Amino acid sequence: GIQVEQSPPDLILQEGANSTLRCNFSDSVNNLQWFHQNPWGQLINLFYIPSGTKQNGRLSATTVATERYSLLYISSSQTTDSGVYFCAVKNSGGSNYKLTFGKGTLLTVNP
Amino acid sequence: DTAVSQTPKYLVTQMGNDKSIKCEQNLGHDTMYWYKQDSKKFLKIMFSYNNKELIINETVPNRFSPKSPDKAHLNLHINSLELGDSAVYFCASSHGEGRAIFGPQHFGDGTRLSIL
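Residues numbered from 1 in each chain as written. Chains lettered and ligands numbered in written order. Predicted model: local features only at pLDDT ≥ 70, side-chain atom pairs only at ≥ 80, totals over all residues. Heavy atoms only, no water.

Colleague: Can you walk me through the overall build of chain A in this structure?
Modeller: Looking only at helices and strands, chain A has zero helices and eleven strands in total. Put simply, chain A runs from its N terminus to its C terminus through helices and strands in the order β-β-β-β-β-β-β-β-β-β-β. Relative to a compact globule of 111 residues, whose C-alpha radius of gyration would be 13 Å, chain A shows 14 Å and is just as compact. Overall, the C-alpha framework of chain A stretches about 45 × 25 × 20 Å when taken along its three principal axes. For chain A, the residues scored as buried account for 50% of the 111 residues in total. For chain A, the share of sequence-separated contacts (at least 6 apart) that also reach a separation of at least 24 residues comes to 57%. Carbon and sulfur atoms make up 48% of the accessible area of chain A, which totals about 5,100 Å². Computed over 7 positive and 6 negative side-chain charges, the inter-centroid distance for chain A is 9 Å. (Helix = DSSP H or I, 4+ residues; strand = E, 2+ residues; numbered from the N terminus. Rg over C-alpha atoms; globule rule 2.2 N^0.38 Å. Buried < 20%, exposed > 50% of the residue type's maximum accessible area, 1.4 Å probe, protein only. Contact = heavy atoms within 4.5 Å. Areas by Shrake-Rupley, 256 points an atom, 1.4 Å probe, with all protein chains shown as cover. Lys, Arg positive; Asp, Glu negative; His and termini not counted. Charge placed at Lys NZ, Arg CZ, Asp CG, Glu CD.)

Colleague: How should the sheet that holds strand β7 (residues 64-70) of chain B be read in this particular structure?
Modeller: The pairing of strands in a sheet comes from backbone hydrogen bonds and takes either a parallel or an antiparallel form. All names here are of chain B. Read from one edge to the other, the open sheet built from four strands follows the order β1-β3-β8-β7, with strand pairing classed as antiparallel. Taken across any chain shown, the strands that pair with only one partner, and hence form the sheet edges, are β1 (4-7) and β7. Averaged over all pairs of adjacent strands, the angle between strand axes in this sheet comes to 15 degrees, irrespective of strand direction. Here four bridges tie β1 to strand β3 (residues 19-25), and the two strands are oriented antiparallel to one another. Looking at the pairing, Ser-5 lines up with Glu-24 of β3. (Pairing = 2+ DSSP bridges. Axes fitted to C-alpha atoms, helices over the stretch in contact; angles between N-to-C directions.)

Colleague: What am I meant to see in the interface of chain B and chain A here?
Modeller: Interface size, as often reported, equals the accessible area lost upon joining of the parts. Taken together, the 17 residues of chain B in the interface contact 16 residues of chain A. Of the roughly 1,700 Å² buried where chain B meets chain A, counting both sides, 63% is carbon and sulfur surface. Connecting chain B to chain A are one salt bridge. Counting every contact that joins chain B to chain A gives seven residue pairs in polar contact (both at pLDDT 80 or more). Secondary structure elements with two or more residues in the side of chain B that touches chain A: β4 (31-37), β5 (43-50) and β10 (100-107) of chain B. No other element matches the six residues that β10(B) contributes to the side of chain B that touches chain A. Taken together, the residues that form the side of chain B that touches chain A break down as ten nonpolar, three polar and four charged. (Buried area = accessible area lost by both parts, 1.4 Å probe. Salt bridge = Lys/Arg side-chain N within 4 Å of Asp/Glu carboxyl O. Polar contact = N/O pair within 3.5 Å; in protein donor to acceptor, adjacent residues only side chain to side chain. Nonpolar A, V, L, I, M, F, W, Y, C, P; charged D, E, K, R; others polar.)

Colleague: Whenever I open this one, the pairing of strand β3 (residues 19-25) of chain A confuses me. Can you help?
Modeller: Remark: a regular strand shows side chains that alternate across the two faces of the sheet. Residue and element names in this part refer to chain A. Only one face of β3 is covered, namely the one carrying Ser-19, Leu-21, Cys-23 and Phe-25; the face carrying Thr-20, Arg-22 and Asn-24 has none of its residues buried. In terms of strand pairing, strand β1 (residues 4-7) meets β3 through four bridges, oriented antiparallel. Looking across to β3, one finds that Val-4 is bridged to Phe-25. Here six bridges tie β3 to strand β8 (residues 69-74), and the two strands are oriented antiparallel to one another. Residue Cys-23 lies in a different strand from β8, and its bridge partner there is Ser-70.

Colleague: Looking at this structure, how should I read the pattern of salt bridges?
Modeller: Where charged atoms from two side chains of opposite charge come close, those side chains can pair. All chains considered together, the criterion is met by six salt bridges over all chains. Among the salt bridges present, the one from B:Glu58 reaches A:Lys98, with a minimum N-O distance of 2.8 Å. Linking B:Glu58 in the loop between β6 (53-57) and β7 with A:Lys98 in the loop between β9 (83-91) and β10 (100-101), this pair reaches from one chain into another. For B:Arg63, the salt bridge is made with B:Glu82, and the minimal N-O distance between the two is 3.5 Å. Within this pair, whereas B:Arg63 is found in the loop between β6 and β7, its partner B:Glu82 is found in the loop between β8 (73-78) and β9 (87-97), the two being separated by 19 residues in sequence. Counted as one network, the salt bridges with shared partners bring together A:Lys98, B:Lys44 and B:Glu58.

Colleague: Help me out: how do you make sense of the packing of aromatic side chains in this one?
Modeller: The description of an aromatic ring pair uses the distance of the two centres, along with the angle that the planes make with each other. Tallied over the full model, the rule gives nine aromatic pairs over all chains. Summarising the aromatic geometry, the rings of B:Tyr33 and B:Tyr35 are spaced 6.2 Å apart at their centres and angled 40 degrees between planes, so their arrangement reads as tilted. The pair formed by B:Tyr33 and B:Tyr35 is uniform in burial state, with each residue classed as buried. When the centroid spacing of 6.3 Å and the interplanar angle of 35 degrees are considered together, the rings of B:Phe64 and B:Tyr89 count as tilted. Note that B:Phe64 is positioned in strand β7 and B:Tyr89 in strand β9, a separation of 25 residues in sequence. Residue B:Tyr89 is classed as buried on the basis of its relative accessible area, which comes to 0%. The lysine or arginine in question, A:Arg22, covers the ring of A:Tyr69, its NZ or CZ lying 4.2 Å from the ring centre. (Phe/Tyr/Trp six-rings, centres within 6.5 Å; stacked < 30°, edge-to-face > 60°. Lys NZ or Arg CZ within 6 Å of the ring centre and 35° of its normal.)

Here it is, written out as structure tokens:
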């Protein structure tokens, strides 16, 4: 099946810093999503972005499907950004009808 | 105005018992899912239903039985609970058609299951 690798696995920032999280995948995709799991365990959908660039406030994401990666940018980080960020993909061929999740990036933003 | 709601939030029970988790979505989606998140935070799909039809059934013990009475509800019944079933179970929904899934998935808040 498709492989999803996220980097870095852990990231510690001071409030106000910027960061870039990366998601590499091993096959062509037609569905890619970024999620934030907050410290209370809630999974929030940040972006549905199989290709192109989107922005939502301090967060933006870019997927370069032809090169099999996606980036999540967090600018002016806040303590509420802490949590685990997951990338999930569905490959566009074969009989794979599910989202495959990466192992996540654990982000800690210190005040 | 909860989009995907699952109950209960916490479930503490003895080994060998049978329990159910309920899920409902009011987003008008036609595909619903159950995921299991283990202690290392790894998320893995268990089942998906599209318009009440089972689409995905991953390698899950047959002690786990999903039921979809209509496309807005997907429940999970677990028989003979074992220690290894301790995890957080998430319900999710999205648009879909048959086996295809479209657009973003939205998750419930999770059910934390602890087996004593």
